[in-house]
Structure formats: structure tokens, C-alpha cells
Amino acid sequence: MSIETTTTWVDTFNESLMRTMGQPLALLTHGRGAFVWDENEKEYLDFLAGIAVNSLGHAHPVLVEALTRQVGTLAHVSNYFSTRPQLELAERLKRLTGAGPAGRVYFCNSGAEANEAAFKLARLNSSGPRTKIVALKNSFHGRTMGALALTGKPDMRAPFEPMPAGVVHIDSTIEALEATIDGTVAALFLEPIKGEAGVIDLPAGYLARARELTEQHGVLLILDEIQTGVGRTGRWFNYEYAGILPDAVTIAKGMAGGVPIGSLVTFGWASDLFQRGMHGSTFGGNPLATAAANAVLGEIEDRDLVGNAERRGAQLKERIAALNSPLVSDIRGQGLLIGLGLSEPIALKLAAAAMDAGLIINAANESSIRMAPPLIIRDLEVDAFITRFTAALAAVGYPAAPAPALVVPATTPTTPTDAESAS
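Below you will find a few notes about this structure. Computed from a predicted model, the values in this text were never measured in an experiment.

## Some thoughts on the packing of helix α11 (residues 305-323) against helix α13 (residues 379-395)
Stage number 1. Across the interface, α11 lies against α13 with an axial gap of 11 Å and an inter-helix angle of 30°. Judged by the inter-axis angle, α11 sits roughly parallel to α13. Crossing hand, α11 versus α13: right-handed. Seen from α11, the contacting residues are R312, Q315, L316, R319, I320 and L323; seen from α13, they are D379, V382, D383, F385, I386, F389, T390 and L393.

Okay, here's the thing in C-alpha cells:
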């Protein structure tokens, strides 16, 4: 029976789903490219992309074709067997991350699961005095128990105490790093950019110094690139900006364009820590998810969407700054992971006004807006964003001055299919 014949979708949601999230903003029915539509056929420009998940936007033909082809052959096999898509993706990730021949790949189903695996990896580097795992205050690594223990948000941890022991949270300063990393530390967990906190950049030189200190003391450097990875920040992985390689990196979100997948990739000596039987996943690395990831990563590589993220990110920052709105006090992030600091704590109000204007952005907290549009965006989507964001600013009483030069109608784009259309 259709839910519309008996009740509203809001009623069904409130009556049937677990009360772990707030009421959804809309009931979305379909999408194409960087646009989605709700049950009333209202169009929205999706500048959140499922929180940095939909790298190719919605209904991209490359992903549709790959999933259709794979589900017609093998969708799942147990981990007693391997498949071609799994092997191809493992080799691809070793190449793209820089892990090389000594690298190893573990597949799972989400970012939180990838960080759970990384937590266990860190424990394998614990011996003698080496008992601490260090993470950052105001960080976010997931909601499962190990990932939550790593998360530097006390309010999120409080209902589930006691957490798994041994995690220490420090300030995000080089001074705090230098005062903490020593022979008592097993691993250092970092987000190169704190996405959930509002797209907060680490201090200049932080990753390079972290690499120096961890190498000096035999500490695993584990980078959570779940939100920053897969080309999101204008490099395949954000650590490339610092010219370093970690000992392990966790990857998820944008890797398969909306199909659940996660992975832990290890480098060098860290690849020897896990042994047979120490970890596993029923669905991790199954042929359907890995075929999707191969299609998405192949399209990103073939069409230079990593370069597009770098160029479009710079373009968006320039266009937003040119609006000269007194509400926007700070523009943060890299590539197409962009955070806006607000001069007043009205981020929820601004995000709601944006929805009214046909634009999806995220209020990460009271004073921060987070944006993570698909990597495929072009001039059309950038112009549409400026038009709709300008309307949202005006609606909350902080109009742009001057207004943007170009106003475009709410037209539906086709999905980009080549590098020229995406650049």
C-alpha cells in the first residue's frame, strides 16, 4: 500500500523510523546531475551531495551502467571468495593513495567501519608503555563505539560512556602535538580538515610536523580522509598538499557515488600489523560495491574531476567573497569542501532560507555552513548557486552588496560526460 493513501510521509517517518535523527527537510524522489526534486516537483541545487558522497551527482550514466551490469552477474559473494571488481579496486586504491606495492587494503561498508578497523590497527601498535591513542578535540570519526571514542565531541560521547579506553584528545595546535607525541603513543588520528565541525582547517604545517613526530617516535599516523578524500579537496587525498604519506588512511563517502563502501589502506610497516582472523566484514568488498567504486573512481580520473574540484572551489570562494555579505565572515576549506563562518549564529535559519530558494546546504553548527557539491559542477551550477544563495542571504536580512552579475533561471542541466563539460 502506498504511504500516500493512508498518511503523509512525515507521519510515516515519525511513526516508523528510529528517533536518532530530526525530521527530514523534504521527501526527495529523483535527481540528475547536481539537481534533485521533491515529491511536489520542486527543484533543488544539491550543494551537499549526500554529505560529500555523490561525487558524480545523481543518476550519472557511468554509475548506472556499472551497477546494472554487475548486479546481472554477481552482487555478493562471501569473503571465502574474491572477485575481479574487488581486486581491481584494491590495486587502484594502492596506486591512488601512494601506498604502492607494500600497501594493503581492507574493505568495509562505511566511514565509521573504516575507522573501527583503524582503531584496531592502532591497538596492534600498543605494547609496553605505548598505550595512548591521540585524536583532536572537536573532531568527528563516526558513531560506532570505537569511532565515537576517537571523536572529540564530549556531548556526543556522554550518553554512551564508558568509551573504549586509551584515547586522549588534544587541541589542534602544533604546540599541543609536540607536547603529546612520544613513546607512550600508539597512533595519532587526524582529519586533515574537520568537516563535521564546520570545515575547519588545521594550522599551516600541521600535517608535516605530525609526520615528523610520528616517524620519530614509532607512532602510527592515521588520517581520516572519509570526507576530504577521493578528489574532494582538489587532490586525490588531502595529505598530498603537505607532501607526506600516512601510515594508514580511511576512505568512504565519495568512493562509490552513493553505494555504501569504506576502506582502510595501510602503508609500509603498518601493512604487517593485521594478521589472519583479526578482522572481517560480511559485505565488505562485495562485487556490487567495488564495481560501483571502480566506475566512480575511473570517471573521476578520466575526466579530471579532481582538477575540476580545485578550480571550481577557487571559483566559488571568489564568487562568495564578491557578494560582500556582512553575514559571511570567513571562507574555509579546500576544493569543493567549503565552510562559511557566519558573523551571527543563524546558520539553521540561513540553511532553511536556502531550501526555500531551491538550494541544499548544511548548517554544521550555529555559526557555520558546510558545502560539498558534486565534483561535476560547471559554470551553470556555480551561477545557479550564487543566484539562490543570494536570495537566501536576502531572506535572512543580510543581502549581498553588490549583487552577482549573472542571474540564471532554474534550468535542468544534463549530466557532464566529458572533461570539457566539467571544466
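Once the structure has been displayed, the description carries forward.
## Comments concerning the nonpolar core
Stage number 1. Formed by 85 residues in total, the largest nonpolar core has its most connected members in I361, I369, F385 and F389.
Stage number 2. Counting contributing residues, this core receives three or more from each of domain 1 (9-59 + 305-396) and domain 2 (74-303).
Stage number 3. With residues up to four places along the chain from it excluded, the contact list for I369 reads I338, G339, L340, L342, A347, L350, A351, I361, N362 and A363.

## Overview of the sheet that holds strand β13 (residues 328-334)
Stage number 1. As summarised here, the arrangement of the four strands in space is β13-β14-β17-β16, forming an open sheet in which the pairing is antiparallel. Each having just a single partner strand, β13 and β16 (362-365) make up the two edges of the open sheet. Neighbouring strand axes in the sheet, compared pairwise and without regard to direction, differ in orientation by 30° on average.
Stage number 2. Contacts from α11 reach β13, β14 (337-342) and β17 (368-371), with the element oriented near 175° to β13.

## Comments concerning the side chain of S55
Stage number 1. On the secondary structure map, S55 appears in the loop between α2 (49-52) and α3 (61-71).
Stage number 2. A relative accessible area of 2% means that S55 is categorised as buried.

## Focus on the side chain of S172
Stage number 1. Mapped onto the secondary structure, S172 falls in the loop between β6 (167-170) and α8 (174-180).
Stage number 2. In this structure the side chain of S172 is engaged in a polar contact, spanning 2.5 Å, whose partner is the side chain of K194.

## Things to note about the sheet that holds strand β1 (residues 28-32)
Paired through their backbone hydrogen bonds, the strands of a sheet run either parallel or antiparallel.
Stage number 1. Strand order in the open sheet made by the four strands is β1-β2-β3-β15, with mixed pairing throughout. On the outer flanks of this sheet lie β1 and β15 (359-360), each paired with one strand and no other.
Stage number 2. Sheet analysis places strand β3 (residues 43-46) next to β15, joined by two bridges and oriented parallel. Across the sheet, residue D46 finds its bridge partner in β15, namely I360.
Stage number 3. Of the strands in this sheet, β2 (35-38), β3 and β15 are in contact with α13, which crosses β3 at around 110°.

## Some thoughts on helix α5 (residues 111-123)
Stage number 1. Here α5 is 13 residues long and its end C-alpha atoms lie 18 Å apart, about the 18 Å a rise of 1.5 Å per residue gives.
Stage number 2. Within α5, burial applies to G111, A112, A114, N115, A117, A118, F119, L121 and A122.
Stage number 3. Two or three places before E113, at the start of α5, stands the capping residue S110, its side-chain oxygen 3.1 Å from that residue's backbone nitrogen.

About the criteria used
Residues numbered from 1 in each chain as written. Predicted model: local features only at pLDDT ≥ 70, side-chain atom pairs only at ≥ 80, totals over all residues. Heavy atoms only, no water. Axes fitted to C-alpha atoms, helices over the stretch in contact; angles between N-to-C directions. Helix = DSSP H or I, 4+ residues; strand = E, 2+ residues; numbered from the N terminus. Parallel < 35°, antiparallel > 145°, perpendicular 65-115°, else oblique. Left-handed = near helix turned anticlockwise from the far one by under 90°. Contact = heavy atoms within 4.5 Å. Core = buried A, V, L, I, M, F, W, Y, C linked by side-chain atoms within 4.5 Å. Buried < 20%, exposed > 50% of the residue type's maximum accessible area, 1.4 Å probe, protein only. Domains from an automatic or database assignment. Pairing = 2+ DSSP bridges. Polar contact = N/O pair within 3.5 Å; in protein donor to acceptor, adjacent residues only side chain to side chain. Expected span 1.5 Å × (residues − 1).

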